[in-house]
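Below are the chains, spelled out letter by letter.
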Amino acid sequence: MATKARKQDHARTALIISGGAPNATLVAGALVAFHEIGLKFDVISTAGAGALLGLMYCAPKDGDPVTTLAGVSELGIADPLYDALPVNFKVFNKPGAMAEMYRRALGLNPFIQKLMDWPARDPLSQLLKDCSELMLANGCPSDLSAQSLGLCAHVPFAEQIIDFAAIPDIQPELYVNAFNLRTRKMENFNKAQLTPQHLQAALSFPFLYPPTELDDGLYIEGAALDCLNFKDLLALHPNLEEIVVFDLLGADRLLRAPRGLYDAWVMSILTPLIEIARDDLKIFEAEHLGKYPKLHKPHRVPLVEDVPDADLPDVFDWSRSNLTRLFDVGYESAARYARSELSHLVS
């Protein structure tokens, strides 16, 4: 559980990063813009995929948040391949012990590692590289069955891009939420607690990933119930004045008719989350504005709103072009908003 509030808490600014994996490059671009402008926050509170992005921002493995966040676009699939097979085999891995052994063996193969590290910078080399990775993914065994608790193995690459040993010493307070199925309570892990297993718990979205056993708890992704992690924020930091929200989900613009069965499944997950995220912000404002005299109305950076209408049908695609486009939109949107509304927070 998160630690109790200090008697004299001096935190004045907070950043909220919501869940929403397919369009997470919007937030990656926005975080790069904030970093380059010089915005600093005393608290960062995250949910779902926002936890991964927040940790990439605060504790990148190589110490370079810009390069690490820009690398999120590399999770995209070359467009011709994605058009033929609209599934992200880089993110959604087959589950089971045999699959883990297979991936571990690939990791020990120098030729395979050279392929994975190959810097594919043009569309043709990206297509060739992704086709090779797809063949390797297809060859992976799996023990998926009707008794499985999730479709996929947990995200395999977190420790390659996040320096977990550095997290306790990062400057902002940082929180990651997860829901404990045994206690039926939402919990916040703080930066002194966070390990790869805690992040796995925070990313265990029901049906997609199995719940995560951690200490005495059994956890699912907190964003499945609380997309904007406002829980305990003001109890822990009662002197907050400015809250900036990266909300990927609370926008009606994301609601649309599906284009196929896979798209319909994605929309079935996101449709209720959109309403939850929108209501969370309204409830937070109704409960806390006025109760905390120093607190201003939260800033909501218009990331989704700045996606052009023509690109909205593709906003949940894992294609490389879409992830790159969303990164650029997030960067420009956040930079524009920061200069006009948040210049007083620049250190």
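Residues numbered from 1 in each chain as written. Predicted model: local features only at pLDDT ≥ 70, side-chain atom pairs only at ≥ 80, totals over all residues. Heavy atoms only, no water.

Per an unreviewed UniProt entry, the recorded name for the protein chain is Patatin-like phospholipase family protein, and the organism is Uliginosibacterium flavum.

## Quick notes on the UniProt feature "domain: PNPLA" (unreviewed entry) in the protein chain
Per the UniProt record, "domain: PNPLA" (unreviewed entry) is found at residues 15–234. Annotation note: span residues 15–234, helix share 38%, strand share 13%, distance between end C-alpha atoms 13 Å. (UniProt positions renumbered as here; feature names shortened; annotations may be inferred. Helix = DSSP H or I, 4+ residues; strand = E, 2+ residues; numbered from the N terminus.)

## Focus on the packing of helix 1 (residues 24–37) against helix 12 (residues 320–341)
Two elements in contact, helix 1 and helix 12, have axes separated by 6 Å at closest approach and are oriented at 40°. Judged by the inter-axis angle, helix 1 sits oblique to helix 12. Here the hand of the crossing between helix 1 and helix 12 comes out right-handed. Across from Thr 25, Leu 26, Ala 28, Gly 29, Ala 30, Val 32, Ala 33, Phe 34, Glu 36 and Ile 37 in helix 1, the residues of helix 12 making contact are Leu 323, Leu 326, Phe 327, Val 329, Gly 330, Tyr 331, Ala 334, Ala 335, Ala 338 and Arg 339. Grouping the amino acids of the contact of helix 1 with helix 12 by side-chain chemistry returns 15 nonpolar, three polar and two charged. (Axes fitted to C-alpha atoms, helices over the stretch in contact; angles between N-to-C directions. Parallel < 35°, antiparallel > 145°, perpendicular 65-115°, else oblique. Left-handed = near helix turned anticlockwise from the far one by under 90°. Contact = heavy atoms within 4.5 Å. Nonpolar A, V, L, I, M, F, W, Y, C, P; charged D, E, K, R; others polar.)

## Looking at the pairing of strand 4 (residues 185–190)
For strand 4, the buried fraction is high: five of the six residues fall into the buried class. The sheet contact formed by strand 3 (residues 173–180) and strand 4 spans six bridges and is antiparallel. Paired with Asn 177 across the two strands is Asn 188, which belongs to strand 4. Here strand 3 folds back onto strand 4, and the loop between the two strands holds four residues, one of which, Arg 184, carries a positive phi near 60°. (Buried < 20%, exposed > 50% of the residue type's maximum accessible area, 1.4 Å probe, protein only. Pairing = 2+ DSSP bridges.)

## Considering the side chain of Glu 242
Mapping Glu 242 onto the fold places it in strand 7 (residues 242–246). No salt bridge forms around the buried Glu 242; measuring N to O, its nearest opposite-charge neighbour Arg 12 is 10 Å away. A distance of 2.9 Å separates polar atoms of two side chains, one belonging to Glu 242 and the other to His 299. Dropping the residues within four chain positions of it, Glu 242 is found in contact with Arg 12, Thr 13, Ala 14, His 296, His 299, His 344 and Leu 345. (Lys, Arg positive; Asp, Glu negative; His and termini not counted. Salt bridge = Lys/Arg side-chain N within 4 Å of Asp/Glu carboxyl O. Polar contact = N/O pair within 3.5 Å; in protein donor to acceptor, adjacent residues only side chain to side chain.)

## Observations concerning the packing of aromatic side chains
In this description, a pair of aromatic rings is defined by centroid distance and the angle of the planes. In the structure shown here, the tally under the stated rule is six aromatic pairs. With a centroid separation of 5.2 Å and an interplanar angle of 40°, the aromatic rings of Phe 34 and Phe 246 are classed as tilted. Of this pair, Phe 34 sits in helix 1 while Phe 246 is found in strand 7, placing the two residues 212 residues apart along the sequence. Accessibility expressed as a relative area gives 0% for Phe 34, which makes it buried. (Phe/Tyr/Trp six-rings, centres within 6.5 Å; stacked < 30°, edge-to-face > 60°.)

## Details of the confidence of the model for the protein chain
Detailed reading of the predicted coordinates is not advisable wherever pLDDT is low. On average, residues of the protein chain score 92 in pLDDT, and 98% of them reach the 70 mark or higher. Residue range residues 1–6 is modelled with pLDDT below 50. Its contacts to residues more than four positions away, or to other chains, number 16 contacts. (pLDDT = per-residue confidence, 0-100.)

## Some thoughts on helix 7 (residues 123–138)
An ideal rise of 1.5 Å per residue puts 22 Å on 16 residues; helix 7 measures up with 22 Å between its terminal C-alpha atoms. Inspection of helix 7 places Ser 125, Gln 126, Lys 129, Asp 130, Glu 133, Leu 134 and Leu 136 among the buried residues, and these make up the whole buried set. Considering only its buried residues, helix 7 is in contact with helix 4 (79–84), helix 5 (97–108), helix 6 (110–116) and helix 12. Its side-chain oxygen placed 3.2 Å from the backbone nitrogen of Leu 124, Asp 122 serves as the N-cap of helix 7. (Expected span 1.5 Å × (residues − 1).)

## Notes on the pairing of strand 2 (residues 43–46)
Here strand 2 shows a buried face lined by Val 43 and Ser 45 and a second buried face lined by Ile 44 and Thr 46. In this structure, strand 1 (residues 13–17) lies alongside strand 2, joined through four bridges in parallel fashion. Residue pairing across strands places Ile 16 opposite Ser 45, the latter belonging to strand 2. Handedness of the strand 1-helix 1-strand 2 crossover: right-handed. Two strands pair when backbone bridges link them, and strand 2 and strand 3 are joined in this way by four bridges, in the parallel orientation. By the bridge assignment for strand 3, Ser 45 is matched with Tyr 175. (Right-handed = clockwise from strand over helix to strand, strands pointing away.)

## Let's talk about the side chain of Glu 221
If you trace the backbone, Glu 221 turns up in strand 6 (residues 217–221). Summary of buried charges: Glu 221 has no salt-bridge partner, and the nearest side chain of opposite charge, Arg 300, is 17 Å away. Other than its neighbours up to four places away in sequence, Glu 221 contacts Gly 48, Ala 49, Phe 179, Ala 201, Ala 202, Leu 203, Ser 204 and Phe 205.

## Thoughts on the environment of Asn 93
Tracing the backbone shows Asn 93 in the loop between helix 4 and helix 5. Taking C-alpha positions, Asn 93 is 11 Å from Gly 150, a pair spaced 57 residues apart along the chain. With sequence-adjacent residues up to four places away left out, Asn 93 is seen in contact with Arg 103, Leu 151, Cys 152, Ala 153 and Pro 156. Within the structure, the side chain of Asn 93 is placed 3.1 Å from the backbone oxygen of Phe 89, a separation counted as a polar contact.

## Describing the environment of Tyr 175
With respect to the helices and strands, Tyr 175 occurs in strand 3. Taking the C-alpha atoms as reference points, Tyr 175 and Phe 92, 83 residues apart in sequence, are found 25 Å from one another.

## Some remarks on unusual backbone geometry
Although it is not a glycine, Arg 184 adopts a positive phi angle of roughly 60°. Notably, Phe 207 is not glycine yet its phi reads approximately 75°, a positive angle. Taking the relative accessible area as the measure of exposure, Phe 207 reaches 52% and is therefore exposed.

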